[in-house]
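# Examining the three-dimensional arrangement
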Amino acid sequence: MIEILFSIANFQNFINYEIFVDFDDSLSIIKGYETIYYINNSKDTLKYIELNLYANAFRPNSKYNQDIKNKLKVKKTEIDRSKPKDWGYIIIDSCSEKFDTNDMLMRVYKTILPNETTKIFIKFTLKIPKLFDRLGKAEQEYEITQWYPKVGVYDERGWRTYGYRYNTEFYGDYANWKVSIKTKKNYVVGASGYLVDSIVNDSFKILTYKLEKAHDFAFVMSKRYKVEEINYDSIKIYILHYSNDSNFIKVAKYHSINALKIFSKKLYPYPYKTLTIVESHLRAGGGMEYPALVLITNPKEFKIRRFRLINSKNYYLAIVIAHEIGHQWFYGIIGNDEAYEAWLDEGMNSYLEDYYNHLVFNDESIYNIFGNLRKIIKFYLGNYDFRLFSDYFVYLEPYNEPILGKPAWEMKNYWQVYNRGKNLMLALQDILGDSLFDLILKEYFKRFAFKHPRSEDFIKLVEEISNLDLTALKNQWLYGKGLPNYSVYKTINNTFLIKGTYKYPISTIIDNNLLKLKPDTIINAKKIIIDPYNRVLESDEWDNTYPRRFEIKPFFNIPKMGYYQISYIPFIFYNPFDNYFFGIYLRGSESYKRHFFSYGGNTKGDFYLGFWENNFLFNLKFVKNIFNFDFGLKNKFIQLIVFNDYINDLSYLDENYFQKSNVWGIKINGFYKNLKIFSKISKDFLKFNINYNFNILKMLNVQFSYYRIFGNYPVHERIYIDGGFLYPRAFEILLPYKGSWFYSKYLVFNDGIYSKRGENIFSDEFALSEFKISPFGIFGVYSSVGWTGKIYIDYGIYLKLYKIELKFVNFNSFIVKIN
Ligand SMILES: [Zn+2]
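Only a predicted model underlies this, so the values are computations on that prediction, with no experimental measurement involved. (Residues numbered from 1 in each chain as written. Predicted model: local features only at pLDDT ≥ 70, side-chain atom pairs only at ≥ 80, totals over all residues. Heavy atoms only, no water.)

### Remarks on the overall build of the protein chain
A tally of helices and strands in the protein chain yields 14 helices and 46 strands. Out of the 819 residues belonging to the protein chain, those deemed buried represent 56%. When contacts within the protein chain are restricted to residue pairs at least 6 apart in sequence, long-range pairs at least 24 apart make up 57% of them. (Helix = DSSP H or I, 4+ residues; strand = E, 2+ residues; numbered from the N terminus. Buried < 20%, exposed > 50% of the residue type's maximum accessible area, 1.4 Å probe, protein only. Contact = heavy atoms within 4.5 Å.)

### Side note on the coordination of the zinc ion
Around the zinc ion, the donor atoms from the protein are His323 (NE2), His327 (NE2), Glu346 (OE) and Glu346 (OE), and they sit 2.0 to 2.6 Å away. Of note is the zinc ion, whose 4 donor atoms meet at the metal with angles of 55 to 162° in an arrangement that counts as irregular. (Donors = N, O, S within 2.8 Å, 3.2 Å for Na, K, Ca; no water. Tetrahedral: all angles 85-135°; square planar, octahedral: opposite > 155°, others 65-115°.)

### Things to note about the side chain of Asp531
Mapped onto the elements, Asp531 comes out in the loop between strand S28 (528-530) and strand S29 (545-546). Take Asp531: its relative accessible area is 2%, and that puts it in the buried class. When near neighbours in sequence (up to four residues on either side) are disregarded, Asp531 contacts Ile506, Ser507, Thr508, Val536, Glu538 and Asn544.

### Description of the pairing of strand S33 (residues 593-601)
Bridge analysis of S33 against strand S34 (residues 607-613) gives 7 bridges, and the strand direction is antiparallel. Across the sheet, residue Gly601 finds its bridge partner in S34, namely Phe607. What sits between the antiparallel neighbours S33 and S34 is a turn of 5 residues, in which Gly605 has the positive phi angle 95°. (Pairing = 2+ DSSP bridges.)

### Considering the pattern of salt bridges
Going through the model one piece at a time under the given rule, you end up with 34 salt bridges. The structure contains a network of salt bridges with shared partners spanning Glu443, Lys446, Arg447 and Glu464. (Salt bridge = Lys/Arg side-chain N within 4 Å of Asp/Glu carboxyl O.)

### Overview of the packing of helix H6 (residues 346-361) against helix H10 (residues 415-432)
It is at 7 Å that the axes of H6 and H10 come closest, and there the two elements cross at 65°. Like other packed secondary-structure pairs, H6 and H10 cross with a definite hand, here right-handed. Residues Glu346, Gly347, Met348, Ser350, Tyr351 and Asp354 of H6 pack against Val417, Tyr418, Gly421, Lys422, Met425, Leu426 and Gln429 of H10. Of the residues in the contact of H6 with H10, the class split is 6 nonpolar, 4 polar and 3 charged. (Axes fitted to C-alpha atoms, helices over the stretch in contact; angles between N-to-C directions. Left-handed = near helix turned anticlockwise from the far one by under 90°. Nonpolar A, V, L, I, M, F, W, Y, C, P; charged D, E, K, R; others polar.)

### Focus: the sheet that holds strand S7 (residues 117-127)
What the 7 strands build is an open sheet, ordered S4-S7-S2-S1-S13-S16-S15; its pairing is mixed. Both outer strands of the open sheet, strand S4 (89-95) and strand S15 (194-200), are each paired with one neighbouring strand and no more. The sheet shows a mean angle of 20° between the axes of neighbouring strands, direction not considered. Bridging between strand S1 (residues 14-24) and strand S2 (residues 29-39) involves 11 bridges; their strand directions are antiparallel. From the neighbouring strand, Asp24 faces S2, where its bridge partner is Ile29.

### Considerations on the side chain of Asn40
Locating Asn40 in the fold gives a position in the loop between S2 and strand S3 (46-52). A polar contact of 2.7 Å, which involves the side chain of Asn40, links it to the side chain of Ser42. (Polar contact = N/O pair within 3.5 Å; in protein donor to acceptor, adjacent residues only side chain to side chain.)

### Comments concerning helix H12 (residues 455-466)
The terminal C-alpha atoms of H12 lie 17 Å apart, and with 12 residues this matches the ideal 16 Å at 1.5 Å per residue to within 8%. For H12, the set of buried residues is Ser455, Glu456, Asp457, Phe458, Ile459, Leu461, Val462 and Ser466. Where the residues of H12 are buried, they touch H6, H10, helix H11 (434-448) and helix H13 (471-477). Asn467 occupies a position one or two residues after H12 and carries a positive phi of about 65°. (Expected span 1.5 Å × (residues − 1).)

### A short note on the environment of Gly562
Its place among the elements puts Gly562 in the loop between strand S30 (550-554) and strand S31 (564-575). Taking the relative accessible area as the measure of exposure, Gly562 reaches 8% and is therefore buried. Taking the C-alpha atoms as reference points, Gly562 and Asp543, 19 residues apart in sequence, are found 7.5 Å from one another.

### Remarks on the packing of aromatic side chains
All chains considered together, the criterion is met by 49 aromatic pairs. Measuring from centroid to centroid gives 5.0 Å for Tyr54 and Phe170, while their planes differ by 70°, and the two rings are edge-to-face. Residue Tyr54 is found in the loop between S3 and helix H1 (63-72), and its partner Phe170 is found in the loop between strand S12 (158-160) and strand S13 (175-184); the two are separated by 116 residues along the sequence. Here Tyr54 and Phe170 have matching classes, each one buried. Residues Tyr444 and Phe448 carry aromatic rings whose centres are separated by 5.8 Å and whose planes lie at 55° to one another, so their mutual orientation is tilted. With Tyr444 and Phe448 both in helix H11, this residue pair falls 4 residues apart, about one helical turn. Each member of the pair, Tyr444 as well as Phe448, is classed as buried. (Phe/Tyr/Trp six-rings, centres within 6.5 Å; stacked < 30°, edge-to-face > 60°.)

### Considering H6
Between its first and last C-alpha, H6 extends 21 Å over 16 residues, near the 22 Å set by a 1.5 Å rise per residue. Taken residue by residue, H6 has Glu346, Gly347, Met348, Asn349, Ser350, Tyr351, Leu352, Asp354, Tyr356, Asn357 and Phe361 as its buried positions. Remark: Asn362 follows H6 within two positions and exhibits a positive phi of approximately 50°.

### Section: the nonpolar core
Core analysis: the largest hydrophobic core is formed by 166 residues, its most contacted members being Trp147 and Trp343. Per-element accounting of this core gives the leading share, 9 residues, to H10. Sequence-distant contacts of Trp343, that is, excluding residues within four places in its chain, are made with Met348, Ile403, Leu404, Val417, Gly421, Leu424, Met425, Ser455, Phe458 and Leu478. Ile569, Phe571, Phe596 and Trp612 belong to the second largest nonpolar core, which has 7 residues in total. (Core = buried A, V, L, I, M, F, W, Y, C linked by side-chain atoms within 4.5 Å.)

### Some words on the environment of Phe393
Turning to its location among the elements, Phe393 is positioned in the loop between helix H9 (386-391) and H10. Sequence separation between Phe393 and Asn419 is 26 residues; the distance between their C-alpha atoms is 8.6 Å.

### Some words on the confidence of the model for the protein chain
Scored by pLDDT, the protein chain comes out at a mean of 82, with 79% of its residues at no less than 70. For residues 647-659, every residue scores under 50 in pLDDT, and the model assigns this stretch 39 contacts once sequence neighbours within four places are set aside. (pLDDT = per-residue confidence, 0-100.)

### Things to note about the sheet that holds S28
Read from one edge of the open sheet, 4 strands run S26-S25-S28-S29, paired in antiparallel fashion. The open sheet terminates on both sides in strands that have one partner only, identified here as strand S26 (513-517) and S29. For strand S25 (residues 506-510) and S28, the ladder comprises 3 bridges, and the chain directions are antiparallel. Note on S28: the bridge partner recorded for Ile510 is Ile528.

### A look at a nonpolar patch on the surface
Taken together, the side chains of Phe637, Ile638, Leu640, Ile666, Ile668, Tyr672, Leu675, Ile681, Leu686, Tyr692, Phe704 and Phe710 present a nonpolar region at the surface, about 1,000 Å² in accessible area. Those elements that place two or more of their residues in the nonpolar patch are strand S37 (638-645), strand S38 (663-672), strand S39 (675-682), strand S40 (685-696) and strand S41 (700-711). The biggest single contributor to the nonpolar patch is S38, with 3 residues. Relative to the elements of secondary structure, Ile666 occurs in strand S38. (Patch = residues over 30% accessible without salt bridge, like charges linked within 9 Å, V, L, I, M, F, W, Y side chains within 5 Å. Areas by Shrake-Rupley, 256 points an atom, 1.4 Å probe, with all protein chains shown as cover.)

### Quick look at unusual backbone geometry
Most peptide bonds take the trans configuration, and most residues that are not glycine carry a negative phi. With an omega of 0°, the peptide bond running from Tyr546 to Pro547 counts as cis. Mapped onto the elements of the fold, Pro547 is located in the loop between S29 and S30. With phi around 50°, Lys213 is a residue other than glycine that occupies positive phi space. Judged by relative accessible area, Lys213 falls into the partly exposed class, the value being 41%. In this model, Phe450 sits at a positive phi of 60°, which is unusual for a non-glycine residue. For Phe450, the location among the structural elements is in the loop between H11 and H12.

### Some thoughts on the pairing of S15
Summarising the sheet, S15 and strand S16 (residues 204-214) pair through 6 bridges and their orientation is antiparallel. Bridge pairing links Val200 to Lys205 in S16. Between S15 and S16, which pair antiparallel one after the other, the connecting turn spans 3 residues.

Right, dumping it as structure tokens:
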């Protein structure tokens, strides 16, 4: 069932907050004195008021802490492991009315008639936690957000008081604010709102801020903040930083003015007198929005070097700043329910971020994050549409789910709301055209500024202005999952047919003209490109162009939408059994659909040909005048393969048999978690192999196996164990196992076709160990030592690409004779 998501020109309740904050830094405590004037604009008589006690999230028995355990599947969270002095909570010391509390919910029992204003006074104590997420102290800085008893929203659905939940943001009614903060004199304070009064004496100061028509109020305090002040129009911009990092200040200055200018013009004038940018220690992502105040983590502070690197050329920092400032519109001016309809803020704001990115950085942005590697990267990326590719992730499991119907904390992947929301906006922009789309955005703000529109309010507005039926569009992006697809096909009459999952017209280049085409159109042309600006994210981008686009690169490809990509790796291979083999590996892929081809041959006329992709496998071998092949279907759990084999698993038993055998049969292989079953069934024999693989201390990978052949051949069975160190992945050692069969998967290349070394050796005296080092990831050296009645030594280098391991074996290596 889909909830009806209208607010239908409803009432909005309004609040006046007056809060006095007495901050004690020695105990990390705030004593709060909060007066609430609640205006009931609904037609309902309210029996009580609900408030959020968000700060109670940061102690072990909270719903929020339980959310983390459920979502991350951990037994203990950081909160559980921390000391009570690091926890956060809020205690209601007194209230002017009867009340009760439960975890993050407070209910104040007071009857409020329609159109009545009521006054409530609450005295509370806030214990400031260590910064676990968004509220708390980190190093010397206090980031005071979600901190006071905050009235929930009473809307057409009743009270919406969600508390602080995993991944979830907030929902609040618009209010006017007067907040006075008493601190020691040497604290520098930044706040939502503008300063109206300051009282300073020898030891403390009281700063009073006001803010109108905002649904939250946050502030920060630190003794070491420095403040940079700049002006844009009549707006004062404050940049608070603790690091003195001139780069951070420079980027914050430029992009705060730039973003204010661009978004004010595109959507609605920025409504507040100030904007405060705070250099933050934030744990939840790179930034967080509050009315007239944004928290931005300096990428320099990222603990992991890899994350610091993504900010080379300041691209990342600039985008985070633009994103958080964008929230002043999609969150601040339009205050949607962020728990149930988060796409209205995060999705629309991601569209805005994307717009900013395109306008300010153009297509160079992607290269900026690669810094010095840009030349090589550019060779592989070409004209890369990073957005298109990263957005394609929404289509993949587990990202693929509808974005309406569930609260954010129940979603499998919250990033959905960013991506699907943005892609709905981009698709809409293409359908409506830029000017009508911009007009509708402006109208959305005109009509819903300082209100709580619902998803259907937006859809209705677009339908009203555009005269279009958006049912298919919203079912695709909001209520549905998966992606639409447009495609072009050549017909037998040499015309082109445009197809589309939904029937909205789409921008299409026909020869050299840009037109809007409706699906099911037949057209005469030489060249067609559907959706040339990549506004509609599709399940298949390759079928958008005619002629189809291909890209061929050596060694590898970076997955790119819209192209069929081929990479090639030439190889030379030698072993004394097969002599030289020359060949080439080809890997073909279309976004996530991958195909592999390989071809190899030697001077004696032997060849090998293979083709396999995610679900299909085909191998053809012609070695030593013997022909064999296998083909089949496979997926994650089961493989079904038909084979015709000369060199089968029995060949070592009898050298003559090796020449004679021509066996047809099927392989049925099953995989489930650590368990693997391989079976080969033919009319003469059944081979059965079951492996159980497990890990000790995440280091030693051990495999137990049982192997048996039933049939007309000498029946035998064996039980064996092998394994290797996988961590730190620098080497692998096969454990020797003496006195039984030993099977080494590592010594055999590609199902044994090139080499019989070490595979299925029949000896009671066999033992072997192999050692591998790969200091450069894909290259490595290996050596093996074994005993098969004779000493067995082998060493060489190897190359590992994808799942393919190429071994350049030592020419003098001893070949284990087939018995
Ligand atoms: Zn955001």
